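Summary of structural features
These are the residues of each chain, in order.
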Amino acid sequence: VAIFGIERVKVVNSLVNILQDLIYVYTLVLVVYALLSWFPGARESKFGQIIDRLAYPYLSFFDSILPSLGGISFSVIVGVLVLQLASNGLNILR
């Protein structure tokens with residue numbers, strides 16, 4: 001019986017590690033998305049379009065909730081915070 005418990009813990013830990021790695025990679029995508037806004041025409045490049053396709057669906061949710069202030073959108077900051085909270089929440093499952 002203890003063997004099954006140990007195996008279950010290993011499986012849960014492995015899944016949590018994979019999910020946290022995916023959250024980390026997606027956080028990097030969001031940071032790159034934000035950095036591309038600093039360079040004129042960067043989002044129109046092939047690389048920028050790929051990053052936009054990856055980031056925009058997630059960020060559009062926050063754009064619909066949070067108004068931009070003075071033309072500055074805080075959706076990336078809020079999106080990263082939500083991902084970090086999710087990552088920290090996954091640690092509880094360990």
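Higher on the page you've got the structure.
A brief structural summary. Residues take numbers from 1 onward in each chain, read along the sequence in its written order. Residue-level local features of this predicted model are given only where pLDDT is at least 70; pairs of side-chain atoms are given and counted only at 80 or more, and the full residue set underlies all totals for whole chains, interfaces and linings. Only hydrogens and water are set aside; all other atoms, that is, all heavy atoms of the structure, feed into the side-chain values.

What the protein chain contains, in helices and strands, is 3 helices and 0 strands. In sequence order, the protein chain lays out its α and β elements as α-α-α. Looking at the protein chain as a whole, 22% of its 94 residues qualify as buried. Of the contacts made within the protein chain by residues no fewer than 6 positions apart, 56% connect residues no fewer than 24 positions apart. Every helix listed is a DSSP run of H or I at least four residues long, and every strand listed is a run of E at least two residues long, numbered separately from the N terminus. Throughout, exposure labels follow a simple rule: accessible area from a 1.4 Å probe, protein chains only, divided by the maximum for the residue type, with under 20% read as buried, over 50% as exposed, and the rest as partly exposed. Any pair of residues with heavy atoms lying within 4.5 Å of one another is described as a contacting pair.

Turning our attention to the layout of surface pockets. Think of a 1 Å grid over the protein atoms and nothing else: a 1.4 Å probe that fits but is trapped marks a cavity, an open set flanked by protein within 12 Å on at least five of seven lines marks a pocket, and residues with an atom within 4 Å of a point count as lining. Grid points are joined across faces, edges and corners, and a volume is the space filled by probe spheres set on the points. Taken as a whole, the largest pocket holds about 220 Å³ of empty space. Within the residue set of the lining of the largest pocket, elements represented by two or more residues are helix H1 (2–36), helix H2 (46–65) and helix H3 (75–92). A total of 3 residues in the lining of the largest pocket trace back to one element, the largest contributor, which is H3. Note that Gly is not counted as nonpolar here; it falls among the polar residues with everything else outside the nonpolar set of Ala, Val, Leu, Ile, Met, Phe, Trp, Tyr, Cys and Pro and the charged set of Asp, Glu, Lys and Arg. In the lining of the largest pocket, the residues fall into 7 nonpolar, 3 polar and 2 charged.

Here Pro 40 lies in the loop between H1 and H2. The class of Pro 40 is exposed, set by a relative accessible area of 82%. As for Pro 40 and Leu 81, which are separated by 41 residues in sequence, their C-alpha atoms are 26 Å apart.

Right, let's get into H2. Taking 1.5 Å per residue, 20 residues should reach 28 Å; H2 reaches 29 Å between its end C-alpha atoms and fits that length. Bend at a residue means the angle formed by two fitted axes: the first through the 7 residues ending at that position, the second through the 7 residues beginning there. The largest bend in H2 amounts to roughly 45 degrees and is located at Tyr 56, with the proline Pro 57 lying one to four residues further along. Among the residues of H2, those classed as buried are Gly 48, Ile 51, Ala 55, Leu 59 and Phe 62. Expected helix span is given by 1.5 Å per residue-to-residue step, counting one fewer step than there are residues.

To continue, consider the environment of Val 29. Among the structural elements, Val 29 can be located in helix H1. Taking the C-alpha atoms as reference points, Val 29 and Ile 51, 22 residues apart in sequence, are found 6.5 Å from one another. Ignoring anything within four residues of it in the chain, the contact list for Val 29 reads Ile 51, Leu 54 and Ala 55.

Here we come to a nonpolar patch on the surface. Exposure above 30% relative accessible area and no salt bridge define the residues that can form patches, which grow by joining like charges within 9 Å and nonpolar side chains of Val, Leu, Ile, Met, Phe, Trp and Tyr within 5 Å. Shrake-Rupley sampling with a 1.4 Å probe provides the accessible areas, and residues are treated as covered by the protein chains on show and by no other component. Take a side-chain nitrogen of Lys or Arg and a carboxyl oxygen of Asp or Glu: if they are within 4 Å of each other, that pair is a salt bridge. Nonpolar side chains collect at one region of the surface, where Phe 61, Ile 65, Leu 66, Leu 69, Ile 72, Phe 74, Ile 77 and Leu 81 lie side by side and expose about 780 Å² of accessible area between them. Put simply, the parts of the chain that give the nonpolar patch at least two residues each are H2 and H3. Secondary-structure assignment places Leu 69 in the loop between H2 and H3.

Time to look at the nonpolar core. Buried Ala, Val, Leu, Ile, Met, Phe, Trp, Tyr and Cys residues form a nonpolar core when they are joined through side-chain atoms within 4.5 Å. In this structure, Leu 30, Tyr 33, Ile 51, Ala 55, Leu 59 and Val 76 are the most contacted members of the largest nonpolar core, which totals 14 residues. Only H1, H2 and H3 provide two or more residues apiece to this core. The greatest single-element share of this core, amounting to 6 residues, is contributed by H1. Setting aside anything within four residues of it in sequence, one finds Leu 30 in contact with Ala 55, Tyr 58, Leu 59, Val 76, Gly 79, Val 80 and Leu 83.

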